[in-house]
Amino acid sequence: MDDVNTKLCVDELYPKENLDITEIKQQENKILIRMKSTSKSCMCPKCTCISETYHGTYDRKVQNLPILGKNVQLEIHSHEYKCINDDCMVNTFSETFNGFLNNYSRMTERCADFICTLALETSCEGAARVCKYLGIKISGDTIIRLLKKRFTQMEIEPTGDCIGIDDFSIKKGNSYCTIICNTDTHTPITVLDGRDGSSLKEWLKSNKHVRTVTRDRASAYAKAIKEEIPDAMQIADRFHLHQNFLHVIKKCINTSFPQTIRIENKDNKHETCTAISSKKKLI
């Protein structure tokens, strides 16, 4: 029987062209991997100039995906480069490793990808609890900041001529935001502060090409749309259309029926009546 190589080559799991593993320590609940950078150049994140000038070295401690439920910590002895562009606002910058680890990040990109995917499928607090069980140390607030950072780095989707507008609460009864979606692709376009219509009005000033808007019953949105794009068609979405219809039915019942309705009790030998409230029973 041929010999089978059952050993895992850890070097293959990391960008070996820029990182060398110098030591691996396995503890009870943690695996510590020490690495050393071997890069000779790096691109400035601001001006994109390639620099080969070292400014110094420092140790970075970052978190990686767990192995068999054990927390994995990377200690990377990395370089700090000096930007060679005199007109650049950045003097020095830390190196990146081919998308494996970004500037000043406390976790690898694949670890951040896993956490963001888990948070979008569950919730930030729920994802934090699952991560703790798996061996990833992170809080719900950190996941929120990570999602916000990634949202700002996303490519802005072009705005079509048909959009949907609604409000949502960040903290119920305290702070609200306005979300604008593309009704053709059902994907978010942007999130605006507040729901009084002022932020929507400013956004519409640079998007005059919008011709159809689906919205809720908020008068602030209707006023902002009418002022900035008066020719646009405003449509009540399905949920609020049903809500309006139910509101009209309730109003008709309340005005058409008396306050109480007396029903004859036939089970009793004597003729008695039971009074019920029409509004409570019919609405």
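Look up a bit, the structure's there.
All values derive from a computational prediction rather than experimental measurement.

1. Remarks on the packing of aromatic side chains
Here's step 1: This structure, assessed with the given rule, holds 2 aromatic pairs.
Here's step 2: Their ring planes at 45° and their centres at 5.2 Å tell us that tyrosine 54 and tyrosine 81 sit as a pair that is tilted. One end of the pair, tyrosine 54, is in strand S5 (residues 54-67); the other, tyrosine 81, is in strand S6 (residues 70-82), and 27 residues separate them in sequence.
Here's step 3: We classify tyrosine 54 as partly exposed; its relative accessible area is 39%.
Here's step 4: For tyrosine 81, a relative accessible area of 0% puts it in the buried group.
Here's step 5: Joined through ring pairs, the aromatic side chains of Tyr54, Tyr81 and Phe93 make up one cluster.

2. Re the pattern of salt bridges
Here's step 1: Using the criterion set out here, one finds 9 salt bridges in the structure.
Here's step 2: The residue arginine 34 makes a salt bridge to glutamate 75 at a minimum N-O spacing of 3.1 Å. With arginine 34 in strand S2 (residues 30-37) and glutamate 75 in strand S6, this pair connects stretches of sequence that are 41 residues apart.
Here's step 3: The partner of lysine 201 in a salt bridge is glutamate 227, with the nearest N and O atoms 2.7 Å apart. With lysine 201 in helix H4 (residues 198-205) and glutamate 227 in helix H5 (residues 219-228), this residue pair connects regions lying 26 residues apart in the sequence.

3. Thoughts on the sheet that holds strand S8 (residues 162-171)
Here's step 1: One open sheet holds the 5 strands; their spatial order is S10-S9-S8-S11-S12, and the pairing between them is mixed. A single partner strand is all that each edge strand has here, and the edge strands are strand S10 (187-193) and strand S12 (233-236). Neighbour-to-neighbour, the strand axes of the sheet open up by a mean angle of 30°, direction not taken into account.
Here's step 2: Note: S8 against strand S11 (residues 212-215), 3 bridges, orientation parallel. The residue of S11 that forms the bridge with isoleucine 163 is valine 213.

4. A word on the packing of helix H1 (residues 109-121) against helix H2 (residues 124-134)
Here's step 1: Contact geometry for H1 and H2: axes closest at 8 Å, N-to-C directions at 130°. It follows that H1 is oblique to H2 by the angle criterion. Judged by the sense of rotation from one axis to the other, the crossing of H1 with H2 is right-handed. Listed contacts from H2 to Phe114, Ile115, Leu118 and Ala119 of H1 are Cys124, Ala127, Val130, Cys131 and Leu134.

Cut-offs used in this document
Residues numbered from 1 in each chain as written. Predicted model: local features only at pLDDT ≥ 70, side-chain atom pairs only at ≥ 80, totals over all residues. Heavy atoms only, no water. Phe/Tyr/Trp six-rings, centres within 6.5 Å; stacked < 30°, edge-to-face > 60°. Helix = DSSP H or I, 4+ residues; strand = E, 2+ residues; numbered from the N terminus. Buried < 20%, exposed > 50% of the residue type's maximum accessible area, 1.4 Å probe, protein only. Salt bridge = Lys/Arg side-chain N within 4 Å of Asp/Glu carboxyl O. Pairing = 2+ DSSP bridges. Axes fitted to C-alpha atoms, helices over the stretch in contact; angles between N-to-C directions. Parallel < 35°, antiparallel > 145°, perpendicular 65-115°, else oblique. Left-handed = near helix turned anticlockwise from the far one by under 90°. Contact = heavy atoms within 4.5 Å.

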